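Single-letter residue listing:
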Amino acid sequence: MGRRADYVTEEQFNGWTPGPGADSAAIADLDFRDFFENGGMALHLVGADGTILHANRAELDLLGYAAEDYVGRNIGEFHVDPPVIEDILSRLSAGEPLQKYPARLKARDGSIKHVEITSSVNFRDGEFVNTRCFTVDVTDLMLAKDDLRRKDDLFRQVLDALPAAIYMTDAAGKITYFNRAAVELCGREPEIGKDEWCVTFRLFGLDGKPLPHDHCPMAIALKENRPVRGVEAMAQRPDGTLFPFLPFPTPIRNEHGELVGAVNMLIDISERRQAETNQRMLLDELNHRVKNNLQMLHGLLLTAERESSNAEAREVLVDAARRVAALAAAQRLLYTGANPRNFPAHDFLHAVCETARQSFEKNVSVQIKADDGHLTNESSMPLALILNELLTNAAKHGLNGKVNGKISVAFTRDNGEAVLVVEDTGPGFDLHPTGRRSSGLGLVRGMARQLGGTFSVERGSGARCIVRFSEARG
């Protein structure tokens, strides 16, 4: 189909100007043509047969053509995808307006322009006269989307390749993504958009009680909009097997800080649990053997003391047996404790004091006062020896056979230091480096130095022996 006779020609459109005395309608028509020709929006008119009837400067600049190389040719020559222009013309011929129809156009330099076409047809007396097409260049936008899509694909490939189970949800908790490691760990394939909160089959707390999915760490992270850390749980697979895991749910927020979803990583800690169990068994076996050896040594010392006829040797053997007993008391506490690295200070003082008291006269009482807190295992043996020596000195030399004698033991903390105080109601003494009594106190000095601390004695209503050491060491 060619141009209609009543349609303005290219030359008329570009060259006509109103003469003198032209009416306002003619002037308005000139303004319209100026708007069409010089407007910033790319515009073109197409006839019913697909011939380009006119294109404005913005359209020509978009594709890089001169008017004579563009106008008068079929619009299909400039479309990369023939089915697209066929669909556009078909819809327009049927009277259907188009809104932002995506298409690709060939530019003069060989590049491809991604565009969106908004168009409708000018029908006159029911007959197709021409289209009115607005073309918007979205090439940069499409390239940005393609780049984002490639990055998203790369990101998903990275997540899929990770050996750790990872999944994501939307803000409502619906599963939006999971990797193969999640399927292998949980023994099931979640349903995107249907499963909520977690990819596991069933959940349990460490106490063995069922944990509803809407109370799991991921649900808490989404509901409270915060990461959740340090929470262990137990999951069950559809085949009934259980595995312990450590989750790391983290909220995802947009550029406005609004919650849009969350990502979670599940770390299977079955091997760690087994290693901890094996380590605990090894430590238990080691502690058991040490305890037995100390008990054996303690028995040998007592036997030697009973069989010795030398008073001084017997006293030395008794002192040695007491020290070994103190070490054994500390060892028993470490052996039965739940934590393999530290122990409660209160329990430690009671264990050592009770062992030492068994060798005292019945009228000697030991009062204990200890702050809450823990001591490290490495401080246990030096402290056991220190406490045993101070208790023994208080009972033998401080009370010296007093009726209803009392020894006070206190453990406190003071400005980052641990403070052990043993006090009796005897006459008190000055700390000298000589004498029988000072031999045990020499051991106290040595053990205090091993702890990086100090040992001092104060006179009061009795002797007040003080050991200070760094709380970090204790």
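The rules behind the values
Residues numbered from 1 in each chain as written. Predicted model: local features only at pLDDT ≥ 70, side-chain atom pairs only at ≥ 80, totals over all residues. Heavy atoms only, no water. Core = buried A, V, L, I, M, F, W, Y, C linked by side-chain atoms within 4.5 Å. Buried < 20%, exposed > 50% of the residue type's maximum accessible area, 1.4 Å probe, protein only. Pairing = 2+ DSSP bridges. Helix = DSSP H or I, 4+ residues; strand = E, 2+ residues; numbered from the N terminus. Axes fitted to C-alpha atoms, helices over the stretch in contact; angles between N-to-C directions. Expected span 1.5 Å × (residues − 1). Arc of directions from axis to C-beta. Contact = heavy atoms within 4.5 Å. Patch = residues over 30% accessible without salt bridge, like charges linked within 9 Å, V, L, I, M, F, W, Y side chains within 5 Å. Areas by Shrake-Rupley, 256 points an atom, 1.4 Å probe, with all protein chains shown as cover. Salt bridge = Lys/Arg side-chain N within 4 Å of Asp/Glu carboxyl O. pLDDT = per-residue confidence, 0-100.

## A few points about the nonpolar core
- By size, the foremost hydrophobic cluster in this structure holds 47 residues, and its most contacted members are Phe348 and Leu391.
- In this structure, Ala42, Ile52, Ala103 and Val115 belong to the second largest nonpolar core, which totals 26 residues.

## Focus: the sheet that holds strand β17 (residues 417–424)
- An order of β14-β16-β17-β19-β18 is seen for the five strands of this open sheet, with the pairing classed as mixed. One side of each edge strand has no neighbouring strand; the edge strands of this open sheet are β14 (365–370) and β18 (454–459). On average, each strand axis in the sheet is inclined to that of its neighbour by 15 degrees, with strand direction left out of account.
- With six bridges joining them, β14 and strand β16 (residues 406–414) adopt parallel strand pairing.

## Details of helix α5 (residues 82–93)
- If you check α5, its first and last C-alpha atoms are 17 Å apart, about what twelve residues at 1.5 Å a residue would give, namely 16 Å.
- Within the span of α5, buried status applies to Val84, Ile85, Ile88 and Leu92. Looking straight down α5, one finds that the buried residues subtend no more than 90 degrees of arc, so they occupy a single side. In α5, those exposed residues whose orientation departs by more than 90 degrees from the buried face are Pro83 and Glu86.
- Residues of α5 that are buried in the fold lie against β3 (98–106), β4 (112–124) and β5 (127–137).
- Looking at the residues trailing α5, positive phi occurs at Gly95, about 85 degrees.

## A closer look at a nonpolar patch on the surface
- A contiguous nonpolar patch, built from Met41, Phe134 and Val136 and spanning about 240 Å² of accessible area, is present on the exposed surface.
- Mapped onto the secondary structure, Phe134 falls in strand β5.
- Accessibility expressed as a relative area gives 36% for Phe134, which makes it partly exposed.

## Things to note about the pairing of strand β9 (residues 233–236)
- Inspection of the sheet shows strand β8 (residues 202–204) paired to β9 by three bridges, in the antiparallel sense. Within β9, the position partnered with Leu203 by the bridge is Ala235.
- Relative to strand β10 (residues 242–247), β9 runs antiparallel, the two being bridged by four bridges. Note on β10: the bridge partner recorded for Ala233 is Phe245.
- Remark: five residues form the turn of the hairpin made by β9 and β10, two consecutive strands paired antiparallel; Gly240 in that turn has positive phi of roughly 95 degrees.

## Examining the pairing of strand β7 (residues 175–178)
- Two elements, strand β6 (residues 165–170) and β7, share three bridges in a ladder whose sense is antiparallel. Across the sheet, Met168 pairs through a bridge with Tyr177, a residue of β7.
- Two successive antiparallel strands, β6 and β7, enclose a turn made up of four residues, where Gly173 displays a positive phi of approximately 95 degrees.

## As for the sheet that holds strand β2 (residues 52–55)
- Read across the sheet, five strands follow the order β2-β1-β5-β4-β3 without closing on themselves; strand pairing throughout is antiparallel. In this open sheet, the two edge strands, each paired with only one partner strand, are β2 and β3. Strand-to-strand twist across the sheet, computed as the mean angle between neighbouring axes with direction ignored, equals 30 degrees.

## Brief notes about the confidence of the model for the protein
- Taken over all residues, the pLDDT of the protein has a mean of 84, while the share at 70 or more is 87%.
- Under a pLDDT of 50 for its full length, residues 1–19 has, in the predicted model, 31 contacts with residues more than four places off or in other chains.
- Contacts of residues 434–438 to residues separated by more than four positions or lying in other chains number eight contacts, the stretch itself having pLDDT below 50.

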